[in-house]
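Secondary and tertiary structure notes
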Amino acid sequence: MENFRIFRPASGNAFSEALSSLFTRMDRFFVAEAAEGRTPVFIRFFLSDAQNQADALRKALNAWFGPMLPSLAVSVGTAAD
């Protein structure tokens, strides 16, 4: 079953706060998907300043979703993509 979701962080927050808010929503989504026997396979992040934010995003992803990452394809693009 294909399921496409768009999660947006609350606007006006610092980058770390935006990631925390976003990852909390994503975590709830992943738990709900697992309860239905589904596993996300791809996730894409759009960053306004990818050059300066990509490393912080990768570190935060590893901290929040580390065990899941090997089975999840992750793409990082700019907001203009």
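The following refers to the structure shown. (Residues numbered from 1 in each chain as written. Predicted model: local features only at pLDDT ≥ 70, side-chain atom pairs only at ≥ 80, totals over all residues. Heavy atoms only, no water.)

**Describing the nonpolar core**
Stated precisely, the cut-off is as follows: As used in this record, nonpolar core signifies buried Ala, Val, Leu, Ile, Met, Phe, Trp, Tyr and Cys residues forming a set joined through side-chain atoms within 4.5 Å. Burial status follows relative accessibility: with a 1.4 Å probe on protein chains alone, a residue under 20% of its type maximum counts as buried, one over 50% as exposed, and anything between as partly exposed. What counts as a helix is a DSSP run of H or I of at least four residues, what counts as a strand is a run of E of at least two, and both are numbered from the N terminus. Any two residues whose heavy atoms approach within 4.5 Å at even a single point are treated as in contact.
With 17 residues, the main nonpolar core has Phe 23, Met 26, Phe 30, Phe 45, Leu 57 and Leu 61 as its most contacted residues. Mapped onto this core, the elements with two or more residues apiece are helix 1 (15-35), strand 1 (42-47) and helix 2 (50-65). For Met 26, the residues in contact, after removing those within four places along its chain, are Phe 7, Ile 43, Phe 45 and Phe 65.

**Topic: the layout of surface pockets**
Condition: Residues are said to line a cavity or pocket when one of their atoms sits within 4 Å of a point; the points come from a 1 Å grid over protein atoms alone, cavities being sets where a 1.4 Å probe fits but cannot get out and pockets being open sets with protein on both sides within 12 Å along at least five of seven lines. Grid points are joined across faces, edges and corners, and a volume is the space filled by probe spheres set on the points. Here the term charged refers only to Asp, Glu, Lys and Arg, the term nonpolar to Ala, Val, Leu, Ile, Met, Phe, Trp, Tyr, Cys and Pro, and the term polar to all other amino acids, Gly among them.
Considering only enclosed or pocket space, the largest pocket measures out at about 1,000 Å³ in volume. Taken together, 34 residues form the lining of the largest pocket, with Arg 5, Ile 6, Phe 7, Ile 43 and Arg 44 sitting closest to its centre. Take the lining of the largest pocket: its biggest share by element is eight residues, from helix 1. Broken down by class, the residue content of the lining of the largest pocket amounts to 21 nonpolar, seven polar and six charged.

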